[in-house]
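So the chains spell out like this:
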There are 2 protein chains.
Amino acid sequence: MLKWIITAVCFGSIFVDSFWVVKPGPKYPPTKGEVWPKPQYETKENTFYTFNPSHFKVKILDQTCDILTNAIERYSYIVKSKIGGRNRNIKIRSHRKHNELHRGMLSELDITLSAPCEEYPYLDMDESYNLTVSATSKLYSSSIWGVLRGLETFAQLFYLSDDRNEIRINTTQISDFPRYKHRGLLLDTSRHYITISNILKTLDAMTMNKMNVFHWHIVDDQSFPYQSEIFPELSEKGAYDSSMVYTKEDIERIVQYARERGIRVIPEFDVPGHTVSWGNSHPSLLTECYEGEEVIGMGPMDPTKNTTYKLLRDLFQEVQTWFPDKYFHVGGDEVQLDCWKSNPELRQYMKRNNLTAADLHTLFMRNVIPLLAENSKPIVWQEVFDEGVTLSKDTLIQVWKYNWISEMISILYSGQKLLFSSTWYLDSITSQWTDFYVFDPRKMVYDVMQNQTLLEGIVGGEACMWGEMVDDRNVLNRVWPRASAVAERLWSAPTYHIISKSSIPIEAYHRIEEHTCRMIRRGIDAQPPSGPGFCVV
Amino acid sequence: MLKWIITAVCFGSIFVDSFWVVKPGPKYPPTKGEVWPKPQYETKENTFYTFNPSHFKVKILDQTCDILTNAIERYSYIVKSKIGGRNRNIKIRSHRKHNELHRGMLSELDITLSAPCEEYPYLDMDESYNLTVSATSKLYSSSIWGVLRGLETFAQLFYLSDDRNEIRINTTQISDFPRYKHRGLLLDTSRHYITISNILKTLDAMTMNKMNVFHWHIVDDQSFPYQSEIFPELSEKGAYDSSMVYTKEDIERIVQYARERGIRVIPEFDVPGHTVSWGNSHPSLLTECYEGEEVIGMGPMDPTKNTTYKLLRDLFQEVQTWFPDKYFHVGGDEVQLDCWKSNPELRQYMKRNNLTAADLHTLFMRNVIPLLAENSKPIVWQEVFDEGVTLSKDTLIQVWKYNWISEMISILYSGQKLLFSSTWYLDSITSQWTDFYVFDPRKMVYDVMQNQTLLEGIVGGEACMWGEMVDDRNVLNRVWPRASAVAERLWSAPTYHIISKSSIPIEAYHRIEEHTCRMIRRGIDAQPPSGPGFCVV
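These figures come from a predicted structure and were not determined experimentally. (Residues numbered from 1 in each chain as written. Chains lettered and ligands numbered in written order. Predicted model: local features only at pLDDT ≥ 70, side-chain atom pairs only at ≥ 80, totals over all residues. Heavy atoms only, no water.)

Novice: Explanation requested: the overall build of chain A in the structure shown.
Specialist: Scanning chain A from N- to C-terminus turns up 18 helices and 18 strands. Relative to the globule expectation of 24 Å for 537 residues, the C-alpha radius of gyration of chain A, 25 Å, shows essentially globular dimensions. Its C-alpha atoms give chain A principal-axis dimensions of about 90 × 60 × 50 Å. Total accessible area on chain A is roughly 19,900 Å²; 52% of this is exposed by carbon and sulfur atoms. For chain A, the separation between the mean place of its 58 positive charges and that of its 67 negative charges on side chains is 8 Å. (Helix = DSSP H or I, 4+ residues; strand = E, 2+ residues; numbered from the N terminus. Rg over C-alpha atoms; globule rule 2.2 N^0.38 Å. Areas by Shrake-Rupley, 256 points an atom, 1.4 Å probe, with all protein chains shown as cover. Lys, Arg positive; Asp, Glu negative; His and termini not counted. Charge placed at Lys NZ, Arg CZ, Asp CG, Glu CD.)

Here is the structure:
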């Protein structure tokens with residue numbers, strides 16, 4: 001009861017309206033033509049150019065490829081159709097009212113890509129770019145991925161004039177690059193099935209936030225929607241419904257869609273825990289959990305059976321053919337050691353080999369990681385590191401538990417690399433974007449360690465959307481714009497002055513309003529970021 | 001920081017997955033053909049009838065009217081098209097596999113409405129009905145509103161057989177009526193504008209939950225979307241955007257749509273506080289708030305000016321022509337007395353008349369209530385009662401603050417009637433449906449008072465969806481299915497054994513899953529109620 005009262009006091013209109021003087025209109029009026037995530041270096045002038053779709057062209061001055069031409073087509077459509085929303089009233093005027101800040105028409109964007117396109121995005125890809133906005137604007141990058149990021153920035157600079165009669169873009173110079181290499185979003189498609197259409201929209205939204213890793217937590221205890229060709233029974237018996245599967249074609253489509261946006265798709269097949277749905281078709285993979293003499297359910301995979309590893313080897317081989325990224329997430333979290341301890345055969349095995357249940361987990365992970373394709377690199381949840389499994393130096397350890405600072409320090413001192421997620425769980429519904437925005441993993445470690453060299457081992461982080469309480473109906477508005485806070489933290493320059501929510505600069509509140517409306521106009525059903533307001537869609 | 005940690009622990013997948021033995025599949029598999037809110041008396045047998053749209057007819061045996069014929073058309077479509085979702089595979093078989101529970105085809109529904117239809121729903125309307133399901137099913141009520149409730153129940157009894165080949169309905173007898181007369185949902189369309197389409201969907205969802213009052217908190221500080229004909233400047237200057245208004249035609253459409261579903265539409269024009277947006281066009285209505293010698297913003301309406309009351313009288317007259325319900329909500333909450341105290345003219349007025357700022361509020365409400373049309377009845381927020389304004393006995397006092405039990409007791413002892421809302425604020429996003437489900441206003445008062453006769457003064461309650469953090473994108477999934485918990489508490493028989501969340505019967509978890517899928521199939525983007533699962537839409 002007490003808990004409820006506190007909640008009511010915090011969230012009722014009581015709180016929100018009790019500021020002494022209330023102003024009519026939106027709480028944070030949106031900015032105009034400001035970029036999210038904030039570019040590293042940006043100089044913006046008051047002078048502006050006007051935009052007329054029929055007098056604008058994009059020129060490719062150097063290298064090109066399908067990714068570039070498709071991106072130009074996409075962004076041309078966005079700039080022509082999505083700026084300012086439906087009730088804009090663009091007038092193409094040859095004689096316009098004199099405005100001394102007006103510098104003429106934006107006539108051209110010249111794109112210089114100085115190196116051939118790469119086939120797929122990867123951890124160490126170059127995403128930097130330079131952009132100059134003037135009558136003939138220039139976008140330069142030595143990487144197709146940088147060009148993609150620059151095009152997104154370019155599109156975000158446009159805005160509607162106050163009288164809604166003109167699309168404008170200010171004279172601007174931008175030099176931009178990401179702070180962290182791995183900027184991910186985890187989506188869980190096992191607790192609830194998410195349709196392809198919403199996964200593609202999620203990729204669109206990631207593009208708008210310059211996130212570059214789609215961590216697909218594709219299967220789990222509840223359902224197994226991955227439709228294998230060599231083990232079709234896994235989804236036949238493990239999916240919620242025959243309509244709720246991801247086929248090879250679906251996966252190819254998602255991977256290609258992501259590739260064209262510079263987004264890597266990393267599948268997670270979480271083992272040995274979180275695998276109960278695998279048992280619907282392959283019960284012998286799992287461990288029978290006992291209470292006394294009685295079997296009370298199924299637990300983690302059986303780490304002592306060769307057949308377990310054989311199936312995983314064959315399945316992983318197929319998965320790695322379908323997902324071209326070098327990285328593969330093998331999970332390793334929350335293994336129910338109590339189940340292993342309860343099982344008579346495993347008890348005997350442990351006794352015979354003088355092993356603890358934790359040793360079984362270590363044994364399992366040690367056996368599983370070599371099943372991955374040559375040259376591939378594992379990602380694991382922090383437990384695998386915590387339990388002392390020897391990991392190659394290019395393994396990424398994903399930190400998610402609440403003792404995150406000491407955990408990160410241990411990992412970095414051991415010379416391993418890590419991804420940070422602990423404070424970025426989107427299923428924490430009380431967390432606003434500002435709650436996510438204040439955490440910066442390198443800054444947190446630096447504050448304790450004062451050691452700059454270790455920090456490079458933090459290669460990035462991920463916002464995690466676990467699926468217990470989200471499905472196709474609410475996943476987009478649960479993720480966006482809150483994940484945008486994580487996206488900016490991972491892309492933009494460090495902001496050492498942000499030490500708590502109250503030190504978040506007010507400009508960010510205004511800018512995320514514009515960004516949210518921008519996402520909504522581009523088809524993402526984002527929720528309001530910070531309070532009363534509106535978007536003209 | 002500590003707060004964050006607690007949140008992470010409570011909401012991460014840590015918590016949800018840490019049960020010892022996890023089962024694959026949905027956490028609470030949905031029921032089949034169970035009604036929400038639960039009917040007062042229901043006898044259901046294992047025997048069932050099958051349903052074939054082309055061999056089914058509805059007969060009206062007594063009175064009829066447009067409301068009834070329209071409802072039959074709506075429900076015929078729902079039963080034919082919305083049971084079981086898209087992947088059903090209905091086979092109309094003349095020779096079906098023998099099933100000893102099968103009692104044949106459902107061929108007919110006979111509707112007996114024994115009294116002429118009433119024009120509009122109202123507080124004391126009769127919503128009781130009797131329903132018998134057999135080959136020729138019978139629905140009886142002495143009121144059109146009861147027939148509507150019975151048709152909804154009838155539609156909810158259908159379900160798809162496990163093999164998805166048949167629509168079935170079990171032999172059932174139901175005798176049903178509401179526990180509380182006023183079962184409302186407040187929707188705030190000022191903090192964010194909600195489109196007509198989503199208001200109509202909200203009415204659809206209310207129908208499915210047998211809620212009967214749409215409390216339209218139409219204007220507030222932030223925006224004034226009500227488009228008056230006599231004061232068009234109020235929305236011209238007070239709406240967020242010229243596209244974000246409700247015209248007379250919009251309101252008529254909503255009122256008619258609601259009427260056909262037995263839902264009353266009660267507008268709230270909250271005065272004298274929460275009115276800053278009125279000042280965009282009529283600044284002189286408001287009080288200038290001072291800090292020292294300086295005006296720092298606008299506060300509540302000025303209670304000392306005749307022009308204030310004149311505008312309200314004319315506006316209310318128009319509003320009451322457009323909204324036919326006898327009740328009218330005049331607000332009266334959260335008046336910023338500090339602003340009144342800061343204003344030099346009001347200070348003088350108070351001094352001259354020996355009044356406190358609280359007296360000014362009393363004065364204001366005393367002046368405003370008589371401005372309503374003759375025979376109309378006010379609803380006010382609890383502050384108006386708390387400050388001692390004399391109110392007619394048919395005034396409804398809406399209790400929303402956290403000291404709700406003592407507040408209700410004071411109101412009831414004074415012989416007034418009340419609506420309960422304190423624990424049903426849907427903007428409390430941490431609250432699950434179960435958090436709302438455990439509160440029963442009459443039960444709470446009875447537990448303290450042990451006095452049955454007073455309880456009739458609690459005429460109902462409302463779930464409140466304040467609009468700070470919801471807009472068109474997330475309003476449906478923020479409200480549903482959580483408001484369904486309130487709907488059942490207000491309709492169904494009291495459940496004295498529910499004293500905390502842990503005493504909620506497991507059947508309710510399964511039943512709300514079915515109900516949520518049912519809402520989704522009928523176009524309401526409800527969110528998952530309690531955890532992993534799926535709906536075939």
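From this point on, the discussion continues.
Novice: What's the story with the pairing of strand S15 (residues 377-381) of chain B in this structure? I'm lost.
Specialist: Here is the key point about a regular strand: its side chains alternate between the two faces of the sheet. Residue and element names in this part refer to chain B. Across the five residues that make up S15, a large majority, four, are buried. Of the pairings in the sheet, the one linking strand S14 (residues 327-331) to S15 comprises three bridges and is parallel in character. From the neighbouring strand, Phe328 faces S15, where its bridge partner is Pro378. Pairing analysis gives three bridges linking S15 to strand S16 (residues 396-399), with the strands arranged parallel. Across the sheet, residue Val380 finds its bridge partner in S16, namely Ile397. (Buried < 20%, exposed > 50% of the residue type's maximum accessible area, 1.4 Å probe, protein only. Pairing = 2+ DSSP bridges.)

Novice: Can you help me understand the packing of helix H3 (residues 66-81) of chain A against helix H4 (residues 144-157) of chain A in this one?
Specialist: When two helices pack together, their arrangement is given by the angle between the helix axes and by the axis-to-axis distance. All names here are of chain A. The N-to-C vectors of H3 and H4 enclose an angle of 5°; their axes lie 10 Å apart at closest approach. Between H3 and H4, the angle is such that the two are roughly parallel. Contacts between H3 and H4 involve Ile67, Leu68, Ala71, Arg74, Tyr75, Ile78 and Val79 on the former and, on the latter, Ile144, Trp145, Val147, Leu148, Leu151, Glu152 and Ala155. Looking at the contact of H3 with H4 residue by residue, the classes come out as twelve nonpolar, no polar and two charged. (Axes fitted to C-alpha atoms, helices over the stretch in contact; angles between N-to-C directions. Parallel < 35°, antiparallel > 145°, perpendicular 65-115°, else oblique. Contact = heavy atoms within 4.5 Å. Nonpolar A, V, L, I, M, F, W, Y, C, P; charged D, E, K, R; others polar.)

Novice: What exactly am I supposed to notice about the environment of Ser197(A) here?
Specialist: Residues and elements named next belong to chain A. Locating Ser197 in the fold gives a position in helix H5 (residues 196-208). The exposure class of Ser197 is partly exposed, given its relative accessible area of 43%. Taking the C-alpha atoms as reference points, Ser197 and Ile520, 323 residues apart in sequence, are found 16 Å from one another.

Novice: Which parts of the structure should I look at to understand the packing of aromatic side chains?
Specialist: Two measures describe an aromatic ring pair: the distance that separates the ring centres and the angle between the ring planes. Per the stated rule, a full pass over the model turns up 61 aromatic pairs over all chains. Judged by centre distance (6.0 Å) and plane angle (75°), the ring pair of Trp216(A) and Phe323(A) falls under edge-to-face. Residue Trp216(A) is found in strand S10 (residues 213-217), and its partner Phe323(A) is found in the loop between helix H8 (306-322) and strand S14 (327-331); the two are separated by 107 residues along the sequence. Note on Trp216(A): relative accessible area 0%, which makes it buried. Here Phe323(A) falls in the buried class, since its relative accessible area comes to 2%. Geometrically, the ring pair formed by Phe316(B) and Phe328(B) is tilted, given 4.7 Å between the ring centres and 55° between the ring planes. Residue Phe316(B) is located in helix H8 (residues 306-322), and its partner Phe328(B) is located in strand S14; the two are separated by twelve residues in the primary sequence. (Phe/Tyr/Trp six-rings, centres within 6.5 Å; stacked < 30°, edge-to-face > 60°.)

Novice: So what exactly am I meant to see when it comes to the interface of chain B and chain A here?
Specialist: Interfaces are often sized by the amount of accessible area the parts lose when they come together. Opposite the 81 residues of chain B that make contact, chain A presents 80 residues. The junction of chain B with chain A conceals about 6,800 Å² of combined surface from both sides, 61% of it contributed by carbon and sulfur atoms. The tally of links from chain B across to chain A stands at two salt bridges. Arg164(A) is the partner of Asp241(B) in a salt bridge, and the nearest nitrogen-oxygen pair spans 2.4 Å. Taken together, the links from chain B to chain A amount to 18 residue pairs in polar contact (both at pLDDT 80 or more). Listing elements by their share of the side of chain B that touches chain A, those giving two or more residues are helix H1 (2-11), helix H2 (13-16), strand S12 (286-291), strand S13 (294-301), helix H9 (337-342) and helix H16 (475-479) of chain B. Of the residues forming the side of chain B that touches chain A, the biggest block, five residues, is contributed by H1(B). (Buried area = accessible area lost by both parts, 1.4 Å probe. Salt bridge = Lys/Arg side-chain N within 4 Å of Asp/Glu carboxyl O. Polar contact = N/O pair within 3.5 Å; in protein donor to acceptor, adjacent residues only side chain to side chain.)

Novice: Teacher, can you tell me more about the state of the cysteines here?
Specialist: A disulfide bridge is the covalent bond that connects two cysteines by way of their sulfur atoms. The tally for this structure, following the rule as stated, stands at six disulfides over all chains. Here Cys65(A) engages in a disulfide with Cys117(A); their sulfurs sit 2.0 Å apart. Taking the sign of the torsion about the S-S bond as the criterion, the disulfide between Cys65(A) and Cys117(A), at about -75°, is left-handed. Remark: Cys117(A) occurs in the loop between strand S4 (108-113) and strand S5 (129-133) and Cys65(A) occurs in the loop between strand S2 (57-60) and H3; sequence separation between them is 52 residues. According to the relative accessible area criterion, Cys65(A) is buried, its value standing at 16%. Using a relative accessible area of 23% as the deciding quantity, one classes Cys117(A) as partly exposed. In this model Cys517(B) forms its disulfide with Cys535(B); the gap between the sulfur atoms is 2.1 Å. Measuring the twist about the S-S bond at about -80°, one finds the Cys517(B)-Cys535(B) disulfide to be left-handed. One end of the pair, Cys517(B), is in helix H18 (residues 506-521); the other, Cys535(B), is in the segment after H18, and 18 residues separate them in sequence. (Disulfide = S-S within 2.5 Å.)

Novice: Just to check I follow, could you spell out the confidence of the model for chain A for this structure?
Specialist: Interpretation of this model should avoid reading the predicted coordinates in detail wherever pLDDT is low. Residues and elements named next belong to chain A. Mean pLDDT over chain A: 93, with 94% of residues reaching 70 or higher. Ignoring residues within four places in sequence, the model shows residues 1-19, a span with pLDDT below 50, making 42 contacts including any to other chains. What the predictor reports for the complex is a pTM of 0.94 with an ipTM of 0.92. (pLDDT = per-residue confidence, 0-100.)

Novice: What is the right way to look at helix H15 (residues 441-449) of chain A in this model?
Specialist: For an α-helix, 3.6 residues make a turn, and residues three or four places apart therefore share a direction. Residues and elements named next belong to chain A. For H15, every residue scored as buried is listed here: Pro441, Arg442, Lys443, Met444, Val445 and Met449. Its buried side turned inward, H15 meets helix H13 (404-413), strand S17 (417-420) and strand S18 (458-465). Of the residues trailing H15, Gln450 is marked for its positive phi of about 55°.

Novice: Sorry if this is basic, but what is going on with the sheet that holds S16(B) here?
Specialist: Backbone hydrogen bonds are what pair the strands of a sheet, in a parallel or an antiparallel way. All names here are of chain B. The strand order S9-S10-S11-S14-S15-S16-S17-S18 describes a closed barrel built from eight strands, whose pairing is parallel. For this sheet, the mean inter-axis angle between neighbouring strands, taken without regard to orientation, is 30°. Helix H5 (residues 196-208) rests against strand S9 (182-188) and strand S10 (213-217) of the sheet, and its axis sits at about 150° to S10. Helix H13 (residues 404-413) rests against S16, strand S17 (417-420) and strand S18 (458-465) of the sheet, and its axis sits at about 160° to S17.

Novice: Help me understand the sheet that holds S10(A), please; the structure alone is not making it clear to me.
Specialist: Residues and elements named next belong to chain A. Read around the barrel, eight strands follow the order S9-S10-S11-S14-S15-S16-S17-S18 and close on themselves; strand pairing throughout is parallel. This sheet shows a mean twist of 30° between the axes of neighbouring strands, independent of strand direction. Pairing between strand S11 (residues 264-271) and S14: two bridges, direction parallel. When the sheet's bridge partners are listed, Glu268 is paired in S14 with His329. Set on the sheet, helix H17 (residues 482-491) makes contact with strand S9 (182-188) and S18; between it and S9 the angle comes to about 155°.

Novice: What should I look at first to understand the relation of the copies chain B and chain A in this one?
Specialist: Mapping between the two chain copies consists of a rotation about an axis together with a translation along that axis. For the pair chain B and chain A, the best superposition has an RMSD of 0.0 Å and corresponds to a rotation of 180° with a translation of 0.0 Å parallel to the axis. Here the transformation between the copies is reduced to the relation of a two-fold axis. Residue Thr430(B), judged by its C-alpha, is the member of chain B lying nearest the rotation axis, at 3.1 Å. Interface residue correspondence from chain B to chain A reaches 99%, placing this contact among same-surface, isologous pairings. (Least-squares fit on C-alpha atoms with pLDDT ≥ 70 in both.)

Novice: Can you help me understand the pairing of S18(B) in this one?
Specialist: Residues and elements named next belong to chain B. Counting buried positions over the eight residues of S18 gives eight, a clear majority of the element. Judged from the three bridges that link them, S17 and S18 form a sheet pairing that is parallel. Looking across to S18, one finds that Leu418 is bridged to Ile458.

Novice: Explain the pattern of salt bridges to me, please; I cannot follow it from the model alone.
Specialist: Opposite charge on two side chains permits pairing when their charged atoms draw close. In this structure the tally under the stated criterion is 62 salt bridges over all chains. A single network of salt bridges, built from pairs that share partners, joins Asp188(A), Arg191(A), Asp220(A) and Glu468(A).

Novice: What is the right way to read the domain arrangement of chain A from this model?
Specialist: All names here are of chain A. As assigned here, chain A comprises domain 1 (41-176) and domain 2 (182-505). Here the C-alpha centroids of domain 1 and domain 2 sit 36 Å apart. Listed by partner, the interface residues are 20 residues for domain 1 and 18 residues for domain 2. Of the roughly 1,700 Å² buried where domain 1 meets domain 2, counting both sides, 50% is carbon and sulfur surface. (Domains from an automatic or database assignment.)

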